[in-house]
Amino acid sequence: MRVLETIEPKEVMFFFEELSARHRCSQHEKDATDYIAAFAETRGLEYHRDQLDNIIVKKPGTPGYEAAPTVILHGHIDMVCKLDEGVTHDFATQGVTLKVDGDRIRAEGTTLGADNGLGISYMLALLDSDDIPHPPLECVMTVMEEMGKVGGDNVDLTKLTGKRMIDFNWIEEKQLLAGCSGDVSCRIDVDTEWQAAPAGHLALIVDIRGLLGGHCEFDIHLERGNAIAILGRLLRAAMKAGNVAVARVSGGVQNNVIPAEAQATLLVAETEAATVTKAVEALAGDIKAEFRRADPGMRIEISRSDARPERVMSEAAAKRLVQVIALLPNGITNQNLEVPGNWETSNNIGLMITAGDRVEITSTITSAVTSRKHLLLDQMMQLADLAGEGVRAKQIGLDAPEFPWNPNSRMLEIARQSYERVMGCKPDVLVSVCSLELGMFTQRIDGLDTIGIGTNLFDLHSPKESMDHTSAARVWPLIKDVMRSLNQ
Ligand SMILES: [Zn+2]
């Protein structure tokens, strides 16, 4: 018996279980795309598959809807593949092992992949149906979304004719998604110009930890401390107080996470150690006071270490590093005046590593307005320019566009009416600050009218990931009602 056999909506859960049995880790979607292609072939549906394994499946409108405006549906096939501690599991041969836990569906010891296998399952259920009135459908199922929206950036949109679109890669049932931000990342490299460590100096470790961190898009407005930016300030104070050499710096875990920790190893003459320590501690006290509300658990320590680094950065390189950190924009730079309560543009200095002959500092800029995003990116390029030799800036990964808020969206109006009919209450119309693949469609298809519909998913990208199947059982009738309403 199938694990989800009795779970509603059965016609959707059937396909979710089929997909869960197949390898869908980003960059390994072939197995799942084979399944979808075979599905389309069996039903005589037109499909287009590309070299990356993106697949578009089309289905004509049902009787009475043949001439209704075509709607593009979108979700991503791939999933983040993570294991719980101590778990051995091979996604390639075992897929995902599902279990039902009350109103949740989870996976045994791994990520679930409801992000976004559920979106694909809604589409397959619509394509499979013969009793749901709907307009002509163009179902776009992308790959490698979780590794930087690679599929969405490459999918051949000339195969599409629709000017209306519904995206299923959203995670809250109570919201209709009516806009989202775009993002781009920038890496600044500062050459270290290594030289031999001065003899007889002692090592000091500056250690910042205990910050709250958080997501660079959802939490950036909370004014939490950025451990890398704070480390930059402390290094500046140390270098003003004495003749300090920098042997190593590091901070953060990922460019889209607000760094909660950062460390530096400094070398200083014995005679100056106390003065330098005092200066760092004095500033640390001020900084902790600045963040007493936003980041009360912050700990900053400077301590002597037995470490004997063999090399340090040149004085000029260390100075440039501290200047770059100090002058990099960080946090929110613009509020969104069109969507009250939203912020429009922000930067997160997310990751700093000492790698080979350089220190790499990676930032992610998020914005609802492309030109503002590009302004921040250009400021970083100019900062590197101004710093001169030994400092370089470059864009990393894709420049993902926003899905702009359109208060006059017809799709939003239709979905809003459906939502009230089916759910018996008004939806929250959300303009999100996070960056999603659908911005790549709105930017490249002229006049595209888009909304996103979500189902309650939790703890995405972690082995705790779960889906509320009672939410899917409420959202499926909503999707069907929207389909029925798309002849207007
Ligand atoms: Zn995801």
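Here the structure is a predicted model, which is why all the values come from computation and not from measurement. Counting from 1, residues in each chain are numbered in the order their sequence is written. Local features in a predicted model are, by the rule used here, given only for residues with pLDDT of at least 70; side-chain atom pairs are given and counted only at 80 or more, and totals for whole chains, interfaces and linings are based on all residues. Neither water nor hydrogens contribute to the side-chain values; these are computed over all heavy atoms in the structure.

**Q** Sorry if this is basic, but what is going on with the pattern of salt bridges here?
**A** Side chains that differ in charge, positive against negative, can pair when their charged atoms come close. Here, a salt bridge means any Lys or Arg side-chain nitrogen found within 4 Å of an Asp or Glu carboxyl oxygen. A complete count under the given rule lists 35 salt bridges for this structure. Notably, a salt bridge pairs arginine 43 with aspartate 128, separated by 2.6 Å at the nearest N-O pair. Of this pair, arginine 43 sits in the loop between helix H2 (30-42) and strand S1 (46-49) while aspartate 128 sits in helix H4 (residues 114-128), and the two are 85 residues apart along the sequence. Only protein chains enter the accessibility calculation, which uses a 1.4 Å probe; a residue whose area is less than 20% of its type maximum is buried, one above 50% is exposed, and one in between is partly exposed. Arginine 43 gets classed as partly exposed once you look at its relative accessible area, which sits at 35%. The network of salt bridges with shared partners includes Arg2, Glu17, Glu18 and Arg22. The helix count covers DSSP runs of H or I at least four residues long, the strand count covers runs of E at least two residues long, and both are numbered beginning at the N terminus.

**Q** Looking at this structure, how should I read the UniProt feature "domain: Peptidase M20 dimerisation" (unreviewed entry) in the chain?
**A** UniProt positions are given in the numbering used here, feature names are shortened, and annotations may be inferred rather than shown by experiment. Per the UniProt record, "domain: Peptidase M20 dimerisation" (unreviewed entry) is annotated on residues 208-292. Split by type, residues 208-292 is 42% helix and 20% strand. Its first and last C-alpha atoms lie 15 Å apart.

**Q** Sorry, what's going on with the coordination of the zinc ion here?
**A** Ideal geometry at a metal gives 109.5 degrees between four tetrahedral donors and either 90 or 180 degrees between six octahedral ones. Here a donor is an N, O or S atom found within 2.8 Å of the metal, or within 3.2 Å if the metal is Na, K or Ca; sites may look incomplete because water is not among the atoms. Within the protein, the zinc ion binds to Asp115 (OD), Glu146 (OE), Glu146 (OE) and His461 (NE2); these donor distances fall in the range 2.0 to 2.7 Å. Because the angles between the 4 donor atoms bound to the zinc ion fall within 53 to 140°, the donor set is best described as irregular. The motif formed by the donor residues of the zinc ion, counted along the single chain, is D-x30-E-x314-H. Of this pair, aspartate 115 sits in helix H4 while histidine 461 sits in the loop between strand S21 (457-458) and strand S22 (466-468), placing them 346 residues apart in sequence. On the basis of relative accessible area, aspartate 115 is assigned to the buried category, the value being 6%. Taking the relative accessible area as the measure of exposure, histidine 461 reaches 33% and is therefore partly exposed. Any site counts as irregular unless it has four donors with all angles between 85 and 135 degrees, making it tetrahedral, or four or six donors with opposite ones more than 155 degrees apart and the rest between 65 and 115, making it square planar or octahedral.

**Q** How should H4 be read in this particular structure?
**A** Owing to its 3.6 residues per turn, the α-helix brings residues three or four apart onto one side. A helix is expected to span 1.5 Å for every residue after the first. Helix length check: H4, at 15 residues, gives a terminal C-alpha distance of 20 Å against a target of 21 Å (1.5 Å per residue), a fit within 8%. Counting buried residues along H4, 14 of its 15 residues qualify, which places the element largely inside the surrounding structure.

**Q** Whenever I open this one, the nonpolar core confuses me. Can you help?
**A** Looking at soluble globular proteins, one finds that nonpolar side chains tend to be buried together. Of all hydrophobic cores here, the largest spans 64 residues; its most connected members are Ile36, Leu73, Leu124, Met141, Ile166 and Ile453. With 9 residues, H4 is the largest single contributor of residues to this core. Aside from chain neighbours lying at most four places away, what touches isoleucine 36 is Leu19, Ile55, Val57, Ile77, Ile120, Leu124 and Met141. Here, nonpolar core refers to any group of buried Ala, Val, Leu, Ile, Met, Phe, Trp, Tyr and Cys residues whose side-chain atoms link them within 4.5 Å. The next biggest cluster of nonpolar side chains, apart from the first, holds 54 residues, and it includes Trp194, Leu211, Ala264 and Val391. A contact between two residues is defined here by any heavy atoms of the two lying within 4.5 Å.

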